[in-house]
Amino acid sequence: MIARVVTDLALDRIFDYIIPEDLLPVIRTGSRVTVPFGNSTREGFVLEVTRFSTCEKLKSLTGPAPGGANLPEKLLELGCWMADYYCCTQEQAIRTLLPGAVRSGKVKPKMRKFCTAADAAAVQSFLSLHSGQKAFAGRCEILRMLLESGGTAMDELVHFYNFSTSSIGTLVRNGLVRVEEREVLRRNAHSGRVTLPGKPQDPTPDQARALAVVDDMLADRIPRKSILLHGVTNSGKTEVYLQAIAKVLALGKSAIVLVPEISLTPQTVSRFRARFGDRLSILHSGLSDGERFDEWFRLQRGEASIAVGARSALFAPCADLGLIVVDEEHESSYKQSEAPRYSARDVAVMRGKLENALVILGSATPSCESMLNAKNGKYHLIELKNQARNQAPPAIRVIDQRAYGPPEPGKSTFFSPPLIDAVKSRMERHEQVILFLNRRGYARVMLCDACGYEARCPDCSVSYTYSRQRQTLECHFCGGVIAAPEVCPQCGDPKIRYSGVGTEKIEAAAHAVFGPARIARMDSDTMRSAADYEETLGKFQRGDIDILIGTQMIAKGLHFPEVTLVGIINADAGLAMPDFRAEERTFQLITQVAGRAGRGDLPGEVLIQTCKPENETIRCASELDFEGFMNFDMEAREVMKYPPYSHLILVHFRGEDEDLVRVFASDFSRRLEAFAGEGVRLRGPAPAPIDRIKGKYRYMTMIFGEKLGIIRRALRQMTLHEKAPDGVDVFVDVDAQSLL
Ligand code: ADP
Ligand code: ZN
């Protein structure tokens, strides 16, 4: 038999090897194997076992790779589809299927020495002979304990129970105690945590309808399709996920739950843990290699049957998968920004199809793509229209900031008078407030009034952001940092000024305006680790913080019943982005942030500050009018034939020599035109909206069309199997989410 093997070299090629007779029983699709390659050996995965090969001189594969984990067959199939669809090499796609810790073969299971009573009869007679004798007290105690516990870890006997190693040693030599190595799990941040068990809630009528559809699909009474669960915040989507998971577990199947990394908060985790306890495997970014290794095998062996995590949890090796949930399906973080540039939501739908598992995509603000799929009947749409506990939706007020005049020197204009009043009234009533601004840093730009100089990153075509706390100018694109100048670097004038606003400045202004209130800021400048995050959230939960200021980090998933006011400092910020999804993102963000208010018994209020109150997106968001917004946005997209009415592939060209990049991009795009069939439109190459980052010029070509199969194949060939000139990088982003 022949094994078709994809090696770890990024060649995007498959090599055939003979499977030696004696290895036939152990080599199958998905096996990790060692193969001779040139003069060396390599590792790879068996993609297929067949009888035939078109190659003439075949070598034999060496054998299973030491310490290597085998891939479930269906996952491998998914990887091959990803390589094809997302125009990346087979190796890149397959690499993403396995965490590095598992793939490398370097991490080993953790072993621990366990002591057990060797021979019950011998132990009993030892005990009856020596009980009560002082010299044997320690040894008798050890034996009694081992009989009772059925086995105890050696280090625990020594360090926890304070038995001496010499007594244990004597018992072992006398054949009374046996020592054996057992595989144990590494303890991770979640494993030791005790959570009170939680019970399912009686479903609301909306939830009951959703769960009935799940039942019908599981029983194949209605055709299986991906379910799009559209429910306003607080409508009980999470409860639907929990109960749907319970249903598939009852059938002996497993489940995967994807959440945006940012929502993997202790709050979400503890809700799942309360319901499912140790059957849960939490795959978060803070796991060590060893912990990740353990979790992977726990899922593979079926010891854990629910994987919860961000994007990459989609590839959990769950056997007999019954359900995949993608929460906040519209989130752009589901799209990976490096190769393979896959969308975890879309790949989830594909994995569901391959493994005949149900897929639930949930959101308060589903993406245009998913709404169109629902409209076309590709997805089954279920709506949860009411809040689960019958709270009123928050009252939303739009504040026209133009009414309050231009900024006056020395006065805070970030807070309009109505917002100031609203915050102060909350402080008097001891309620909590969230203030949201999706920009970190102190000021956006440093300007010189004397000569007009603006401080810009020399390597990127963007302005520096000023951090007052650190007294630095920082580039948010390349991470470049310089000391903040005290005089203009161009003309030497001391009249420099910082304008624009970030969360750091809002925090300073809030201290000035809201006096003794306890204020905290949450953004990627202040939250350097998961511990920071948990600490601040904990304080807010306990009421030790009155006002929480933050970026999108606080927009999602958080549940604080005492928050009765949310202030959106500048709703217009995102609308200016040169991206056809700018309106959609703005609508989603406002809706998400607004959903943080009034989650408890007290009614919530949301104030949206804007200079464009007449803007359709802001109007719809303030009226909680999702349908109105969809009609408006989808119509614009249909006219322009933008996604979801077409697919979009971006081809990026980058390099330090602008002429070289531009010329190559033009040639490349011209060649590509030949593959553009009917209804396929190419645009560009043109400079990207941010045309230089880290010293590299950026050009891009956009490809729009409903059927892009042919051009995708050409792109695969041209980007993976042809060499671009030295100094030019080319890559493809299929179904691009960001145009920057
Ligand atoms: P979503 O995920 O849509 O934001 P959640 O599932 O978090 O909504 O539910 C919002 C709140 O309503 C939570 O406090 C939850 O405990 C409560 N809740 C959800 N479903 C029910 C129910 N059927 N009965 C009572 N309370 C519920
Ligand atoms: Zn830069």
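For clarity, every value in this text was computed on a predicted model and none was experimentally measured.

About the thresholds
- Residues numbered from 1 in each chain as written.
- Chains lettered and ligands numbered in written order.
- Predicted model: local features only at pLDDT ≥ 70, side-chain atom pairs only at ≥ 80, totals over all residues.
- Heavy atoms only, no water.
- Pairing = 2+ DSSP bridges.
- Helix = DSSP H or I, 4+ residues; strand = E, 2+ residues; numbered from the N terminus.
- Axes fitted to C-alpha atoms, helices over the stretch in contact; angles between N-to-C directions.
- Contact = heavy atoms within 4.5 Å.
- Domains from an automatic or database assignment.
- Salt bridge = Lys/Arg side-chain N within 4 Å of Asp/Glu carboxyl O.
- Buried < 20%, exposed > 50% of the residue type's maximum accessible area, 1.4 Å probe, protein only.
- Donors = N, O, S within 2.8 Å, 3.2 Å for Na, K, Ca; no water.
- Tetrahedral: all angles 85-135°; square planar, octahedral: opposite > 155°, others 65-115°.
- Near = heavy atom within 4 Å.
- Polar contact = N/O pair within 3.5 Å; in protein donor to acceptor, adjacent residues only side chain to side chain.
- Areas by Shrake-Rupley, 256 points an atom, 1.4 Å probe, with all protein chains shown as cover.
- Core = buried A, V, L, I, M, F, W, Y, C linked by side-chain atoms within 4.5 Å.
- Phe/Tyr/Trp six-rings, centres within 6.5 Å; stacked < 30°, edge-to-face > 60°.
- Lys NZ or Arg CZ within 6 Å of the ring centre and 35° of its normal.
- 1 Å grid on protein atoms, 1.4 Å probe; cavity = no way out; pocket = protein on both sides within 12 Å on 5 of 7 lines; lining within 4 Å.
- Points joined across faces, edges and corners; volume = space filled by probe spheres on them.
- Nonpolar A, V, L, I, M, F, W, Y, C, P; charged D, E, K, R; others polar.

### Brief notes about the sheet that holds strand 25 (residues 563–568)
Strand order in this open sheet of six strands is 16-26-25-17-24-23, and the pairing throughout is parallel. In this open sheet, the two edge strands, each paired with only one partner strand, are strand 16 (395–400) and strand 23 (519–522). Across the sheet, the axes of successive neighbouring strands diverge by a mean angle of 20°, strand direction being ignored. Relative to strand 26 (residues 605–610), strand 25 runs parallel, the two sharing four bridges. What sits directly across from Ile568, in strand 26, is Ile608. Here helix 17 (residues 582–594) sits on the sheet and contacts strand 16, strand 17 (432–436), strand 25 and strand 26; the angle it forms with strand 25, its principal contact strand, is near 155°.

### Comments concerning the domain arrangement of the protein
Each assigned domain of the protein is listed with its residue range as follows: domain 1 (2–97), domain 2 (110–184), domain 3 (205–384), domain 4 (395–440 + 502–633) and domain 5 (647–734). Inter-centroid distance (C-alpha atoms) of domain 1 to domain 5 is 31 Å. Contacts between domain 1 and domain 5 engage ten residues on the former and eight residues on the latter. The salt bridge partner of Asp12 is Arg716, with a shortest N-O separation of 3.0 Å. The greatest single-element share of the side of domain 1 that touches domain 5, amounting to three residues, is contributed by helix 1 (residues 73–85).

### Comments concerning the side chain of Thr29
Tracing the backbone shows Thr29 in the loop between strand 2 (15–18) and strand 3 (32–37). Classification of Thr29 as buried rests on a relative accessible area of 16%. Filtering out sequence-adjacent residues up to four positions away, Thr29 remains in contact with Val46, Leu47, Glu48, Val49, Leu71, Glu73 and Leu76.

### A closer look at the coordination of the zinc ion (ligand 2)
Ideal coordination angles are 109.5 degrees for a metal with four donors arranged tetrahedrally and 90 or 180 degrees for a metal with six donors arranged octahedrally. For the zinc ion (ligand 2), the protein coordination sphere consists of Cys457 (SG), Cys460 (SG), Cys475 (SG) and Cys478 (SG), at 2.2 to 2.4 Å. Given four donor atoms and angles of 103 to 113° at the metal, the environment of the zinc ion (ligand 2) is assigned as tetrahedral. Donor residues for the zinc ion (ligand 2) sit on one chain with the sequence pattern C-x2-C-x14-C-x2-C. Of the two residues, Cys460 is situated in the loop between strand 18 (445–448) and strand 19 (465–467) and Cys475 in the loop between strand 20 (472–474) and strand 21 (481–483); the sequence distance between them amounts to 15 residues. By the burial criterion, Cys460 is buried, and Cys475 matches it.

### Here we look at the site of ligand 1
Taken together, 18 residues sit near ligand 1, with Asp202, Gln207, Asn234, Thr238 and Arg271 positioned nearest. Taking Gln201, its side chain carries an N or O atom lying 2.9 Å from an oxygen atom of ligand 1. Asp202 has a polar backbone atom sitting 2.7 Å from a nitrogen atom of ligand 1. Protein chains shield 84% of the accessible area of ligand 1, which is 550 Å² for the free molecule.

### Examining helix 13 (residues 368–375)
With respect to burial, helix 13 is a largely interior element, seven of its eight residues being buried. Residues of helix 13 that are buried include every one of Cys368, Glu369, Ser370, Met371, Leu372, Asn373 and Ala374, and no others. For helix 13, the elements touching its buried residues are strand 9 (226–231), helix 12 (344–355), strand 14 (358–363), strand 15 (379–384), helix 17 and helix 19 (626–640). With its phi angle positive at about 85°, Gly377 sits one or two positions after the end of helix 13.

### So, the nonpolar core
In this structure, Phe315, Ile568, Phe653, Phe668, Leu672, Ile703 and Leu715 are the most contacted members of the largest nonpolar core, which totals 112 residues. It is helix 1 that contributes the most residues to this core, six residues altogether. Excluding anything up to four places from it in sequence, Ile568 contacts Phe436, Ile590, Val593, Val606, Leu607, Ile608 and Gln609. By size, the runner-up hydrophobic cluster in this structure holds 31 residues, among which are Leu218, Ala255, Val259 and Phe276.

### Describing unusual backbone geometry
Each neighbour pair has its own omega, and for Ala339 with Pro340 the value is -10°, a cis peptide bond. Assignment of secondary structure puts Pro340 in the loop between strand 13 (321–327) and helix 12. Between Gly684 and the following residue, Pro685, the backbone shows a cis peptide bond with an omega angle of 10°. Here Pro685 lies in strand 28 (residues 681–693). Phi is positive for Asp220, which is not a glycine, with a value near 55°. Here Asp220 lies in the loop between helix 8 (205–218) and strand 9. The backbone of Asn356 shows a phi angle near 55°, a positive value even though the residue is not glycine. Checked against the element boundaries, Asn356 lands in the loop between helix 12 and strand 14.

### Comments concerning the packing of aromatic side chains
Applying the stated rule across the entire model yields 19 aromatic pairs. Aromatic side chains Phe293 and Phe297 sit 4.8 Å apart centroid to centroid with 50° between the ring planes, which places their arrangement in the tilted category. Placement of both Phe293 and Phe297 in helix 11 (residues 289–300) is noted, with a separation of four residues, approximately one turn of the helix. Taken together, a centroid distance of 5.4 Å and an interplanar angle of 65° make the contact between Phe315 and Tyr342 edge-to-face. With Phe315 in the loop between strand 12 (306–309) and strand 13 and Tyr342 in the loop between strand 13 and helix 12, this residue pair connects regions lying 27 residues apart in the sequence. This pair shows no difference in class: Phe315 is buried, exactly as Tyr342 is. Taken together, Phe587, Phe626, Phe629 and Phe632 form an aromatic cluster joined through their ring pairs. The side chain of Arg32 reaches across the aromatic face of Phe45, ending 4.8 Å from its centre.

### Points about the environment of Val513
Among the secondary structure elements, Val513 is positioned in helix 15 (residues 503–513). Among the residues examined, Val513 registers a relative accessible area of 22% and is labelled partly exposed. The spatial distance from the C-alpha of Val513 to the C-alpha of Val423 is 10.0 Å, given a sequence separation of 90 residues.

### Section: the sheet that holds strand 12
On the basis of which strands lie adjacent, the open sheet formed by seven strands has the order 11-12-10-13-14-9-15 and parallel pairing. Either end of the sheet is taken by a strand with one partner, and the two such strands are strand 11 (280–283) and strand 15. Neighbour-to-neighbour, the strand axes of the sheet open up by a mean angle of 15°, direction not taken into account. Of the strands in this sheet, strand 9, strand 14 and strand 15 are in contact with helix 8, which crosses strand 15 at around 155°. Strands strand 9, strand 10 (254–258), strand 13, strand 14 and strand 15 of the sheet are contacted by helix 12, whose axis makes an angle of about 165° with strand 13.

### Description of empty space enclosed by the protein
By the definition in use, this model includes one cavity of 30 Å³ or more. Considered as a void within the structure, the largest cavity measures approximately 70 Å³ in volume. Every residue along the wall of the largest cavity is listed here: Val6, Thr7, Asp8, Phe45, Glu91, Ile94, Arg95 and Arg103. Considering every element that reaches the lining of the largest cavity, the biggest residue donor is helix 2 (residues 90–97), with three residues. Considering only residue class, the lining of the largest cavity consists of three nonpolar, one polar and four charged.

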